[in-house]
Amino acid sequence: MKKILVTGALGQIGSELVVKLRETYGVENVIGTDIRKAEGIIAEGPFELVDVTDANQVYSVAKKYNVDTVMHLAALLSAKAEENPKLAWHINMGGLVNALETARELNLQFFTPSSIGAFGPTTPKDHTPQDTLQRPTTMYGVNKVSGELLADYYYHRFGVDTRGVRYPGLISHVTLPGGGTTDYAVEIYYEAIKHKTYTSCIAEGTYMDMMYMPDALNAIIQLMEADPNKLKHRNAFNISAISAAPEDFAKSIQKHIPDFKLDYQVDPVKQRIADSWPNSIDSSAATEEWGFKAAYDLDKMTNEMLNKVNMKFV
Ligand code: NAD
């Protein structure tokens, strides 16, 4: 039986991951932590305030609960990191080192997500390979490449059981996204339900990888339970389910709301980030090494998103 500490547990991923892990491993075996106070369902199980930039706080809570696994999610996301690069370095790198050190000292299994943001303008854009050129031009991307390397280093140098994926943009109806470049792909469903119209900050024809949250959560559990002997890679497995541009979301939504309208008012910062990312990444290493397979394509996700978001407003 696992005992898991989750950092950044109140964010877009953490708020759903903690619930799923508690269903899978038992409420008492999943300790949520965040720099903010918990409310609602996350507060119904073990929860502690932890600032990941303070090494002692991470270590003490891991020790107090005698955990065997850390899932490190606390971070500043891509668009916010571009607004405040120095703070991004402090949280994304400082927090990661502290979490990895706790894993090393207490011999814990370790998970942290990288991102499609770890690629850059010189990376092959279509079917982006697992192992390829990574020269990102954003602070978030610099943090993510460094994080991938650091997690690999802790495995090779200290034998810490580090594992991770490169997430695409994640779409969910539970918690709103925290300031990423693919946030539009969540907002579009809310605006479709509320106003039947959406103004996209990302330009027409800009393809990026996306994934529905249930696939993202299953991937974590599957990777963490995978046979280590089958893992040729350790961290930063490419995983994706959908490659789509804003107009593809609109077409999918129009199958349910025929008079839905999409227009554009491009945000230059987000567009610059989006243009530096791949159109579609190749997930075959994850499929071969630990059986990754997404269950949701764009239309299946749209159907569920519209139903769930609609229920919030009736
Ligand atoms: P989010 O912004 O929704 O949540 C991050 C959480 O971290 C927040 O609850 C915040 O309060 C917390 N936090 C911030 N600073 C902290 C600190 N100093 N100490 C402790 N907690 C702190 O992010 P998310 O979308 O849940 O992303 C989680 C991880 O997944 C990040 O590493 C992110 O880069 C990665 N990722 C996310 C996506 C996505 O689309 N959501 C895609 C690729 C990768």
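Above this note sits the structure.
What counts, and where the lines are drawn
Residues numbered from 1 in each chain as written. Predicted model: local features only at pLDDT ≥ 70, side-chain atom pairs only at ≥ 80, totals over all residues. Heavy atoms only, no water. Helix = DSSP H or I, 4+ residues; strand = E, 2+ residues; numbered from the N terminus. Rg over C-alpha atoms; globule rule 2.2 N^0.38 Å. Buried < 20%, exposed > 50% of the residue type's maximum accessible area, 1.4 Å probe, protein only. Contact = heavy atoms within 4.5 Å. Areas by Shrake-Rupley, 256 points an atom, 1.4 Å probe, with all protein chains shown as cover. Lys, Arg positive; Asp, Glu negative; His and termini not counted. Charge placed at Lys NZ, Arg CZ, Asp CG, Glu CD. 1 Å grid on protein atoms, 1.4 Å probe; cavity = no way out; pocket = protein on both sides within 12 Å on 5 of 7 lines; lining within 4 Å. Points joined across faces, edges and corners; volume = space filled by probe spheres on them. Nonpolar A, V, L, I, M, F, W, Y, C, P; charged D, E, K, R; others polar. Arc of directions from axis to C-beta. Polar contact = N/O pair within 3.5 Å; in protein donor to acceptor, adjacent residues only side chain to side chain. Expected span 1.5 Å × (residues − 1). Axes fitted to C-alpha atoms, helices over the stretch in contact; angles between N-to-C directions. Parallel < 35°, antiparallel > 145°, perpendicular 65-115°, else oblique. Left-handed = near helix turned anticlockwise from the far one by under 90°. Pairing = 2+ DSSP bridges. Phe/Tyr/Trp six-rings, centres within 6.5 Å; stacked < 30°, edge-to-face > 60°. Lys NZ or Arg CZ within 6 Å of the ring centre and 35° of its normal.

Undergrad: So, the overall build of the protein: which residues are in play, and what are the values?
TA: Check the secondary structure of the protein and you find 11 helices and 16 strands. Since a compact globule built from 314 residues should have a radius of gyration of about 20 Å, the 19 Å found for the protein is in line with a globular shape. Along the first, second and third principal axes, the C-alpha set of the protein runs to 55 × 45 × 40 Å. Residues counted as buried form 55% of the 314 residues belonging to the protein. Restricting to contacts in the protein with at least 6 residues of sequence separation, those with at least 24 account for 78%. Carbon and sulfur atoms make up 51% of the accessible area of the protein, which amounts to about 13500 Å² in all. If you average the places of the 31 positive and of the 39 negative side-chain charges in the protein, the two averages end up 3 Å apart.

Undergrad: Please provide a residue-by-residue account of the layout of surface pockets, values included.
TA: Approximately 240 Å³ is the volume attributed to the second largest pocket. Lining the second largest pocket are 17 residues, and of these Asp131, Asp152, Arg166, His233 and Asn235 sit closest to its centre. When residues in the lining of the second largest pocket are grouped by element, the largest group, 6 residues, is from helix H5 (residues 139-158). For the lining of the second largest pocket, the per-class residue count stands at 5 nonpolar, 6 polar and 6 charged.

Undergrad: Can you tell me about helix H9 (residues 268-275), naming the residues and giving the values?
TA: Those residues of H9 not exposed but buried are Lys270, Gln271, Ile273 and Ala274. Taken around the axis of H9, the buried residues stretch over an arc of 160°, which confines them to a single face. Where H9 is buried, its residues meet helix H3 (78-83) and strand E12 (208-212). In this structure aspartate 267 caps H9, since a side-chain oxygen of it lies 2.9 Å from the backbone nitrogen of valine 269.

Undergrad: Please provide a residue-by-residue account of helix H1 (residues 14-25), values included.
TA: End to end, H1 covers 15 Å across 12 residues, agreeing with the expected 16 Å (1.5 Å per residue, within 8%). Looking only at H1, the buried set comprises Gly14, Ser15, Glu16, Leu17, Val18, Leu21, Arg22 and Tyr25. The elements touched by buried residues of H1 are strand E1 (4-7), strand E2 (30-34), strand E4 (69-72) and helix H7 (213-225). Positioned one or two residues after H1, glycine 26 has a phi angle of 100°, which is positive.

Undergrad: Go over the environment of proline 214 with me, naming the residues and quoting the values.
TA: For proline 214, the position within the fold is in helix H7. Among the residues examined, proline 214 registers a relative accessible area of 28% and is labelled partly exposed. Here the alpha-carbon distance between proline 214 and threonine 138, two residues 76 residues apart in the chain, equals 28 Å.

Undergrad: Quick rundown of the packing of helix H4 (residues 85-106) against H5? Include the residues and the values.
TA: The geometry of H4 relative to H5 is characterised by a closest axis approach of 10 Å and an angle of 15° between their N-to-C directions. Taken together, H4 and H5 sit at an angle that is classed as roughly parallel. Along this stretch, H4 crosses H5, giving a crossing that reads as right-handed. Across the interface between the two elements, Pro85, Ala88, Trp89, Asn92, Met93, Leu96, Val97, Leu100, Glu101 and Arg104 from H4 touch Met139, Tyr140, Val142, Asn143, Ser146, Gly147, Leu150, Ala151, Tyr154 and Phe158 from H5.

Undergrad: Break down the sheet that holds E2 for me, citing the residues and quoting the values.
TA: Reading across from one edge, E3-E2-E1-E4-E5-E8 is the order of the 6 strands in this open sheet, with parallel pairing throughout. In this open sheet, the two strands that pair with only one neighbour each are strand E3 (47-49) and strand E8 (162-163). Pairing analysis gives 2 bridges linking strand E5 (residues 109-111) to E8, with the strands arranged parallel. Paired with phenylalanine 111 across the two strands is arginine 163, which belongs to E8.

Undergrad: Tell me about the side chain of threonine 162, and please be specific about residues and values.
TA: Topologically, threonine 162 is positioned in strand E8. Under the relative-accessibility criterion, threonine 162 is labelled buried at 0%. When sequence neighbours within four positions are dropped, the list of residues in contact with threonine 162 reads Leu100, Phe110, Ala151, Asp152, Tyr154, Tyr155, Arg234 and Asn235.

Undergrad: Can you tell me about the packing of aromatic side chains, naming the residues and giving the values?
TA: Tallying each qualifying case throughout the model produces 9 aromatic pairs. Ring centres 6.3 Å apart and planes at 90° place the aromatic pair tyrosine 190 and phenylalanine 313 in the edge-to-face group. With tyrosine 190 in helix H6 (residues 184-195) and phenylalanine 313 in helix H11 (residues 298-313), this residue pair connects regions lying 123 residues apart in the sequence. Put simply, the rings of Tyr153, Tyr154 and Phe158 touch in pairs and so form one group of aromatic residues. Taking the ring centre of phenylalanine 158 as reference, the NZ or CZ of arginine 104 above it sits at 5.1 Å. A cation over an aromatic ring shows up here: lysine 300 above the ring of tyrosine 296, its NZ or CZ 4.7 Å from the ring centre.

Any functional reading would require information that these geometric values do not contain.
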